[in-house]
Amino acid sequence: MAENIFKRKIYDRILKWKRENDGKSALLIEGARRVGKSTIVEEFAKNEYESYILIDFNKASRETRQLFDDLNDLDYIFLTLQTTYRKSLVNRKSLIIFDEVQRCPLARQAIKYLVADGRYDYIETGSLISIRKNVKDITIPSEEDRISMYPMDFEEFRWAMNDTATVPLLRQYWDKKLPLGSAHRNTQRLLRLYMLVGGMPQAVNEYIDTNDLSKVDRIKRKIIQLYKEDFNKIDLSGRAADIFMSIPGQLSRNTSRYVPFASVGTITEATERDLLRSLDESKTVNIVYHCDDPNVGMELNKDTSRYKLFIGDTGLFVTMAFWDKDFTENVIYQKLLSDKLSANLGYVYENLVAQMLVAAGNKLFYYTWPRDEKHYYEIDFLLSRGKKICPIEVKSSGHANHTSLDEFCKKYSARVGESYLIYTKDLAKDGATWLLPDYMTMFL
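This is a predicted model, so every value here is computed, not measured. Here the residue numbers are simple positions, counted from 1 along each chain's written sequence. In keeping with the predicted nature of the model, local features appear solely for residues at pLDDT of at least 70, side-chain atom pairs appear and are counted solely at 80 or more, and the whole-chain, interface and lining totals rest on all residues. Based on all heavy atoms of the structure, the side-chain values leave hydrogens and waters out of the count.

A. Molecular detail of the overall build of the protein. Only DSSP runs of H or I covering at least 4 residues are called helices, and only runs of E covering at least 2 are called strands; the numbering of each starts at the N terminus. A count of helical and extended segments in the protein gives 18 helices and 13 strands. Against the globule reference of 22 Å for 444 residues, the protein gives a C-alpha radius of gyration of 23 Å, in line with a compact fold. C-alpha atoms of the protein, sized along the principal axes, occupy 70 × 50 × 50 Å. Out of the 444 residues belonging to the protein, those deemed buried represent 56%. Any two residues having at least one pair of non-hydrogen atoms within 4.5 Å are treated as being in contact. Here the analysis covers contacts within the protein between residues at least 6 apart in sequence; of these, 72% occur between residues at least 24 apart. If you sum the accessible surface of the protein, you get close to 20,400 Å²; carbon and sulfur atoms cover 46% of it. Charge separation in the protein, taken as the distance between the mean sites of 65 positive and 63 negative side-chain charges, equals 2 Å. Only the C-alpha atoms count toward the radius of gyration. The rule for a globule is 2.2 Å times the residue count to the power 0.38. Only protein chains enter the area calculation, which uses a 1.4 Å probe; residues under 20% of their type maximum are buried, those over 50% are exposed, and those in between are partly exposed. Using a 1.4 Å probe, accessible areas were evaluated by the Shrake-Rupley method; residue-level cover was limited to the displayed protein chains. Neither His nor the chain ends is counted toward charge; the positive residues are Lys and Arg and the negative residues Asp and Glu. Charged groups are reduced to one reference atom each: NZ for lysine, CZ for arginine, CG for aspartic acid, CD for glutamic acid.

B. Quick peek at the environment of Leu169. Among the structural elements, Leu169 can be located in helix α8 (residues 166–176). By relative accessible area, Leu169 is classed as partly exposed at 45%. In this structure, the C-alpha to C-alpha distance between Leu169 and Asp121, residues 48 residues apart in sequence, is 38 Å.

C. View of the sheet that holds strand β4 (residues 121–126). Should DSSP find at least two bridges between two strands, the strands are regarded as paired. Within the open sheet, the 5 strands sit side by side as β2-β3-β4-β1-β5. Their pairing is parallel. Pairing within the sheet leaves two strands with one partner each, and these edge strands are β2 (51–56) and β5 (144–148). Along the sheet, successive strands turn relative to each other by an average axial angle of 20°, direction set aside. The pairing of β2 with strand β3 (residues 94–99) spans 6 bridges and is parallel. Following the sheet pairing, Ser51 is matched in β3 by Ser94. Axes here mean lines fitted to C-alpha atoms, for a helix over just the part in contact, with angles spanning 0 to 180 degrees between N-to-C directions. Contacting β1 (26–30), β3, β4 and β5, helix α5 (residues 105–117) runs over the sheet at an angle of about 165° to β4.

D. Quick look at the nonpolar core. Membership of the largest hydrophobic core comes to 121 residues, with the highest contact counts inside it found for Phe154, Phe244 and Phe381. The element that contributes the greatest number of residues to this core is helix α17 (residues 346–359), accounting for 9 residues. In this view, Phe154 contacts Val167, Leu170, Leu190, Leu191, Tyr194, Met356, Tyr439 and Met442; residues no more than four positions away in its chain are not counted. Counting residues in hydrophobic clusters, the runner-up holds 24 residues, among them Leu28, Phe57, Leu74 and Ala110. Nonpolar core, defined: a set of buried Ala, Val, Leu, Ile, Met, Phe, Trp, Tyr and Cys residues in which side-chain atoms within 4.5 Å join the residues together.

E. Here's a closer look at the pairing of strand β9 (residues 376–385). The element β9 is largely enclosed, with a buried count of 7 among its 10 residues. The antiparallel hairpin formed by strand β8 (residues 365–370) and β9 contains 5 residues in its connecting segment. Sheet topology note: the β9/strand β10 (residues 388–394) ladder contains 5 bridges and is antiparallel. Each bridged residue has a counterpart across the sheet, and for Leu383 the counterpart in β10 is Cys390. The turn joining β9 and β10, which pair antiparallel and follow one another in sequence, is formed by 2 residues; a positive phi near 65° is taken by Gly386.

F. View of the environment of Ser38. On the secondary structure map, Ser38 appears in helix α2 (residues 37–48). Distance in space between the C-alpha atoms of Ser38 and Asp99 is 6.7 Å, their sequence separation being 61 residues. Sequence-distant contacts of Ser38, defined by excluding residues within four places in its chain, comprise Asp99 and Thr125.

G. Here's a closer look at the side chain of Asp153. Along the chain, the position of Asp153 falls in the loop between β5 and α7 (154–160). Judged by its relative accessible area of 15%, Asp153 is buried. Within the structure, Asp153 has its side chain in polar contact with the backbone nitrogen of Glu155 (distance 3.1 Å). Beyond its immediate chain neighbours, meaning those up to four positions away, Asp153 contacts Lys9, Tyr194 and Ala359. Think of a polar contact as two N or O atoms within 3.5 Å of one another; within protein, one of them needs to be a possible hydrogen donor and the other a possible acceptor, and neighboring residues in sequence only count if both atoms come from side chains.

H. Fine view of helix α15 (residues 314–321). Burial analysis of α15 places 7 of its 8 residues in the buried class, which makes it a mostly covered element. Within α15, the full set of buried residues consists of Thr314, Gly315, Leu316, Phe317, Val318, Thr319 and Met320. Capping the start of α15, Asp313 holds a side-chain oxygen 3.2 Å from the backbone nitrogen of Gly315, two or three residues further along.

I. Structural context of the packing of helix α9 (residues 184–197) against α17. Viewed as axis vectors pointing N to C, α9 and α17 meet at an angle of 90°, and their least axial separation amounts to 11 Å. Relative to α17, α9 is oriented roughly perpendicular. Across from Gln188, Leu191, Arg192, Tyr194 and Met195 in α9, the residues of α17 making contact are Val348, Tyr349, Leu352, Gln355 and Met356. As a working rule, the residues Ala, Val, Leu, Ile, Met, Phe, Trp, Tyr, Cys and Pro are called nonpolar, Asp, Glu, Lys and Arg charged, and the rest polar, with Gly in that last group. Along the lines of polarity and charge, the residues of the contact of α9 with α17 split into 7 nonpolar, 2 polar and 1 charged. Any angle that is under 35 degrees is reported as roughly parallel, and any over 145 degrees as roughly antiparallel; angles of 65 to 115 degrees are reported as roughly perpendicular and all others as oblique.

J. Structural detail: the packing of helix α12 (residues 239–252) against helix α14 (residues 269–282). Packing of α12 against α14 leaves a shortest axis separation of 10 Å and a crossing angle of 65°. In terms of their interaxial angle, α12 and α14 are classed as roughly perpendicular. The element α12 and its partner α14 pack so that their crossing is right-handed. For the pair α12 and α14, contact is made by Arg239, Ala240, Ile243 and Phe244 and by Thr271, Leu275 and Leu279, respectively. Class assignment for the residues of the contact of α12 with α14 results in 5 nonpolar, 1 polar and 1 charged. Crossings are classed by handedness, with left-handed meaning an anticlockwise turn of the near helix from the far one by less than a right angle and right-handed meaning a clockwise turn.

If you want it as structure tokens, here you go:
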């Protein structure tokens, strides 16, 4: 299988770091495993520097790792690296990449002195699921900028399909608040394909090469299994992996919060916080906290004991939803693609919207309040925009009922900006509420 090098938006952010910092800091790219960190950094190195050395600490020899035990002779370190990797480094024109830097904590600690030396630029990549466990005895360098890398978003996915027209055209419709009309149905199908394949580069690569969704499913299962193994390395009890794997099932129950007891039994609050932190740092999940007082500055009013969990990639989420089978048959994928699967897939669309909002740079919060003694209203997502908040309700169908939004806007009328119902039909407006097709979520 040929490996495609996909165009990624993070490339421009790395380029901005290079131009603005000019060697004054290193760059740490955080992200889940298999999102394409190593690939994009090496592509950047090839294009933007005269030479580079990539040290993969998953493969590096003991001798290479031991170079960072003693930093008194940087000339010796650089000479040894050039000899080992058969690359010549050029002052201010070369890059050294610490790939999977969590495997060599002393190399990360060395960044402070390597940056101060000033000869070369440095980019680190790593999955923080294991970085925290490996850095308790080292000094974290302050000379380190961080950016997060996520699975391919919908536009990047269309780029991979050699389609550079769809999303710019959608943006024009969004800017003018116009419905797509006859183009809506096909655009909805393109989005469902993205939901099924997902944004993990290996899965996208497999789809391009084979056009076989069952083979894509096998790739996704390998990635999920890799994540489970990672969780089990940092949490020998297996509870972190259990929480991760239970996310689709918990969302399908349509509860107002994630319930750890249902997945891992009784645990202390401290244990729950530690497990949640590990999940968050793994970048494999998106956490949505309950906001007790929906207003600007929602971070100040979040309830860390009430939250929902979503999978960081909806393609992986779909595979996890059918984890009871050894593989997800093509017939299920085809029914999902044509929107004919009978199961209530509201939770899949919620996961998609969460992923798209995070990719667009949003922090996620939600809000619930009692409707009567047995029922409650719920706003799926809250966004902060200037001095206003924007409530969002998500539906997996074309039904335009938005009772929770209406009641929320009455309750907090002075605080609300725009309100949005995200659904599967074309763009429209119902009173003060915008009815958005789910593919326009990326513009919020």
